[in-house]
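Commentary on secondary and tertiary structure
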Amino acid sequence: MTLRQEMERREEQMFSPFAARSAASRGRQRPEQECSLRPAFQHDRDRILYSKAFRRLKHKTQVFLAPTGDHYRTRLTHTLEVAQIARTVARALRLNEDLTEAIALGHDLGHTPFGHAGESMLNELLPGGFRHHEQSLRVVETLEKEGRGLNLTFEVRQGIAAHAKGRGPFLPRRGQEANLTLEAQLVRVADVIAYIAHDTEDAIRGGVIKRRELPEQVVKVLGARLSRQIDTMVKDLINQTLQAGGGVLAMRPEVAEAMTRLRDFLYTQVYENMEVHQDFIKASKMVRELFAVLTDPRQDALFSQYVGADPPAGKSQRQRAAADYIAGMTDRYALKMYEDVFLPRPWGRI
Ligand code: MG
């Protein structure tokens, strides 16, 4: 018996009946010899961690554009906080922690530079539209490793694709998500728990809102500060789910309601406020111009210089390649490319 098989056997003994088993995975995009040490989802977690797209998360906007303050979240620290919350809950519910962590670490890989400003501009420019969760799947399936992708298991890819940020319900209704692992559903809730807490803290730090402006009901039910808020939401999710039998994620209605209220508050007071912020308007314009220059048939040399390959012959293929390239950029890379392409350089020789 290999060490992997020994670990798979341990999963059988320790996991709840609702957990996804590594040995029962529906398999990878392409068949390959499984690792002798790590079960499939653990292996996937490591592949995501070592991917280039994961390292680029450190310079992508969470709420604030290319923040110079050291304590603001970026996509990377957001991702790590989501993974922490999701793993804490997974362990308490005896779910598959490796699968949970793999989905959490991969869930935002498709984010553009400049947060939603970048995303909505690409969505406008690309025929067929652009959505970051679809792009996250594209990153792991086709863009990483020079077009070969990471060859992840079905369950991790499904969990990444099922992630959608928005204002819809974050708790699954009974029976509604029958095809989705409980681990994938959990990461969706953990994402909301993480961002409503840390975006509130960052928005207060950045002077966009004041703590005393938080809705009264939110403070009463969740608490006023991040550690208390996360503690409340995480414990409630664990306790309610266990009370409901462990197979369906559940929260007390007043907690879920307070979360929805805090999220609505952030949308109106912070996210939509930032969208009309001058710097985000400028960032959208930059994305538009970078897209225009990369898709311009007279700019083949420039395309090759940056993308490192000849531009595809077809117009829509070239648009797709430009969108992939721009979506992969960090905030600072986009700023640098814009400067190099569009701004004159002072003559250096004396
Ligand atoms: Mg997220």
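Note that the structure is a prediction, hence the values are computed from the model and not measured. (Residues numbered from 1 in each chain as written. Predicted model: local features only at pLDDT ≥ 70, side-chain atom pairs only at ≥ 80, totals over all residues. Heavy atoms only, no water.)

1. Things to note about the overall build of the protein
Across its full length, the protein holds 16 helices and zero strands. C-alpha atoms of the protein, sized along the principal axes, occupy 70 × 55 × 40 Å. Counting only residues that meet the buried cut, the protein has 53% of its 350 residues in that class. In the protein, the proportion of contacts linking residues at least 24 apart, taken out of those at least 6 apart, comes to 72%. Per element, the accessible surface of the protein, about 17,100 Å² overall, is 51% carbon and sulfur. Distance between charge centroids for the protein: 1 Å, based on 52 positive and 45 negative side chains. (Helix = DSSP H or I, 4+ residues; strand = E, 2+ residues; numbered from the N terminus. Buried < 20%, exposed > 50% of the residue type's maximum accessible area, 1.4 Å probe, protein only. Contact = heavy atoms within 4.5 Å. Areas by Shrake-Rupley, 256 points an atom, 1.4 Å probe, with all protein chains shown as cover. Lys, Arg positive; Asp, Glu negative; His and termini not counted. Charge placed at Lys NZ, Arg CZ, Asp CG, Glu CD.)

2. Observations regarding the pattern of salt bridges
In this structure the tally under the stated criterion is 33 salt bridges. Residue R157 is joined to E141 by a salt bridge in which the shortest nitrogen-to-oxygen separation is 3.0 Å. Placement of the pair is R157 in helix α8 (residues 154–161) and E141 in helix α7 (residues 132–147), with a sequence separation of 16 residues. With a relative accessible area of 13%, R157 lands in the buried category. D202 is the partner of R205 in a salt bridge, and the nearest nitrogen-oxygen pair spans 3.0 Å. One end of the pair is R205 and the other is D202, both in helix α9 (residues 182–205) and three residues apart, which spans about a single turn. Under the relative-accessibility criterion, D202 is labelled buried at 2%. Shared partners join several salt bridges into a network, and the residues in it are R38, R45, D46, R87, R91, E97 and E101. (Salt bridge = Lys/Arg side-chain N within 4 Å of Asp/Glu carboxyl O.)

3. Some words on the coordination of the magnesium ion
For the magnesium ion, the full set of protein donor atoms is H78 (NE2), H107 (NE2), D108 (OD) and D191 (OD), at a range of 2.2 to 2.5 Å. For the magnesium ion, all donor residues lie on one chain, and their spacing in sequence is H-x28-H-D-x82-D. Pair noted here: H78 is in helix α4 (residues 75–92) and H107 is in the loop between α5 (97–106) and α6 (115–125), with a separation of 29 residues, a long-range link. Here H78 matches H107 in class, with each residue buried. (Donors = N, O, S within 2.8 Å, 3.2 Å for Na, K, Ca; no water.)

4. With respect to helix α15 (residues 315–328)
The terminal C-alpha atoms of α15, which comprises 14 residues, lie 20 Å apart, in line with the 20 Å expected from a rise of 1.5 Å per residue. Along α15, ten of the 14 residues are buried, which leaves the element largely enclosed by surrounding structure. Along α15, the residues that are buried comprise R318, Q319, A321, A322, A323, D324, Y325, I326, A327 and G328. Each element contacted by the buried residues of α15 is listed here: α3 (52–56), α6, α7, α13 (278–295), α14 (300–307) and α16 (331–342). (Expected span 1.5 Å × (residues − 1).)

5. Concerning the side chain of S25
Relative to the assigned elements, S25 resides in the loop between α1 (3–14) and α2 (40–49). Separated by 2.8 Å, the side chains of S25 and E155 make a polar contact. Beyond its immediate sequence surroundings of up to four residues, S25 is in contact with F41, T153 and E155. (Polar contact = N/O pair within 3.5 Å; in protein donor to acceptor, adjacent residues only side chain to side chain.)

6. With respect to the packing of aromatic side chains
Going through the model one piece at a time under the given rule, you end up with five aromatic pairs. By the ring-pair criterion, three or more aromatic residues cluster together here, those being Y195, Y267 and Y271. For the cation-ring pair, R26 lies above F154, with the distance from its terminal atom to the ring centre recorded as 4.0 Å. (Phe/Tyr/Trp six-rings, centres within 6.5 Å; stacked < 30°, edge-to-face > 60°. Lys NZ or Arg CZ within 6 Å of the ring centre and 35° of its normal.)

7. Quick word on the environment of A24
Mapped onto the elements, A24 comes out in the loop between α1 and α2. The exposure class assigned to A24 is exposed, which follows from its relative accessible area of 57%. Considered as a pair, A24 and A40 are 16 residues apart in the sequence and their alpha carbons are 9.6 Å apart.

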